[in-house]
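# Overview (structure and organization)
Read off the chains here:
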Amino acid sequence: MQLLDGKLAAQAIKEDLHQKTSTLLQQGKRAPHLAAILVGTDGASETYVASKVKTCAEIGFESTLKRFPSTITEEELLQEIDELNNNDAVDGILVQLPLPKHISDDKVINKINPAKDVDGFHPVSVGNMVSGTPTFIPATPYGILLLLKQYNVETSGKHAVVIGRSHIVGTPMSILLSRKSNPGNCTVTICHSATTNLKEICLQGDIIVAALGQPEFLTADMVKDGAVIIDVGITRVADASKKSGFALKGDVKFDEVSVKSSYITPVPGGVGPMTIAGLLMNTYNAYMNKQ
Ligand code: GUN
């Protein structure tokens with residue numbers, strides 16, 4: 001079993017972007033600039049956004065964090081996005097999801113200028129991705145592709161089983177793995193809550209992407225020997241032995257599944273850091289597209 005070390009792979013990408021940013025600054029240009037919007041005080045969202053902003057600083061990117069109370073109206077939020085759309089010094093905009101119930105995710109995502117849509121959630125980005133036109137790819141699937149590439153994991157002709165059909169991970173992942181590219185060129189099965197024979201399908205998977213958000217869901221009896229396991233889950237589970245009061249659990253029962261796998265991502269330190277790397281790559285590309 002080989003660990004797919006997302007922390008290590010992300011470090012290499014961050015060093016490359018840091019180098020590129022230093023060169024831009026030496027040329028008298030400005031640095032790429034990511035603007036993040038955080039609404040409310042959800043603990044996990046706070047952690048993710050803080051991590052994104054911190055990583056921008058590490059590699060010399062500029063970042064702006066705009067925080068709003070969960071009482072902000074949809075209209076006010078759309079107005080804030082418009083201001084960022086019109087700000088030439090901002091290259092990438094991300095609105096951390098989930099949003100409060102009274103705000104429509106779709107309206108907010110549709111408001112972002114597709115040229116700044118570094119999350120790759122805008123319908124224009126999704127359409128381009130599906131038709132194979134170069135575009136912003138959602139950060140988590142993008143990070144997973146970068147990780148598979150970094151470790152030279154063979155994907156062509158393999159059966160990839162994606163568990164979960166979210167717009168953020170499962171759906172784009174299934175499309176990207178089925179594309180004629182490397183990584184990609186897989187036969188893909190996408191499973192979800194209505195899948196009746198999930199275990200049988202998982203047992204056929206050469207590659208399994210677990211992205212359903214249920215801690216330790218994928219167990220050893222669902223996995224064939226030598227499978228590649230990508231664990232997207234990261235759920236806070238109460239744990240009195242931890243100072244924070246919680247432990248982070250993936251969607252995969254790591255101890256037993258890792259023994260059967262050829263490659264596996266740890267949680268934390270697998271897909272998480274690669275998601276940030278994917279976002280930073282998108283932000284750099286958004287900047288370069290304007291040059
Ligand atoms: N919430 C969970 N994952 C993501 C992500 O990749 N981007 C945004 N904006 N919100 C998220």
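Residues numbered from 1 in each chain as written. Predicted model: local features only at pLDDT ≥ 70, side-chain atom pairs only at ≥ 80, totals over all residues. Heavy atoms only, no water.

Now for the site of the ligand. Close to the ligand lie K52, L94, V95, Q96, L97, D119 and F121, which account for all nearby residues. A distance of 2.8 Å separates a nitrogen atom of the ligand from a polar backbone atom of V95. Between a nitrogen atom of the ligand and a main-chain N or O atom of L97, the distance comes to 3.0 Å. Taking 280 Å² as the accessible area of the ligand by itself, protein coverage stands at 84%. At a threshold of 2 Å from the grid points, most atoms of the ligand map onto the largest pocket. (Near = heavy atom within 4 Å. Polar contact = N/O pair within 3.5 Å; in protein donor to acceptor, adjacent residues only side chain to side chain. Areas by Shrake-Rupley, 256 points an atom, 1.4 Å probe, with all protein chains shown as cover. 1 Å grid on protein atoms, 1.4 Å probe; cavity = no way out; pocket = protein on both sides within 12 Å on 5 of 7 lines; lining within 4 Å. Sits in = over half its atoms within 2 Å of the grid points.)

On the surface, Y48, I234 and L248 cluster together to form a nonpolar patch covering roughly 220 Å² of accessible area. Along the chain, the position of I234 falls in the loop between β8 (228-231) and β9 (235-238). Owing to a relative accessible area of 35%, I234 belongs among the partly exposed residues under this scheme. (Patch = residues over 30% accessible without salt bridge, like charges linked within 9 Å, V, L, I, M, F, W, Y side chains within 5 Å. Salt bridge = Lys/Arg side-chain N within 4 Å of Asp/Glu carboxyl O. Helix = DSSP H or I, 4+ residues; strand = E, 2+ residues; numbered from the N terminus. Buried < 20%, exposed > 50% of the residue type's maximum accessible area, 1.4 Å probe, protein only.)

Turning to the sheet that holds strand β3 (residues 62-68), a few remarks are in order. Two orientations exist for strands paired in a sheet by backbone hydrogen bonds: parallel and antiparallel. Here three strands make up an open sheet; going across it, the order is β3-β2-β4 and the pairing parallel. One side of each edge strand has no neighbouring strand; the edge strands of this open sheet are β3 and β4 (92-95). Ignoring which end each strand starts from, the neighbouring axes of this sheet average 15° apart. Summarising the sheet, strand β2 (residues 33-39) and β4 pair through four bridges and their orientation is parallel. Pairing of A35 across the sheet is with I93, part of β4. Against the sheet, helix α2 (residues 43-59) engages β2, β3 and β4, with an angle of about 155° to β3. (Pairing = 2+ DSSP bridges. Axes fitted to C-alpha atoms, helices over the stretch in contact; angles between N-to-C directions. Contact = heavy atoms within 4.5 Å.)

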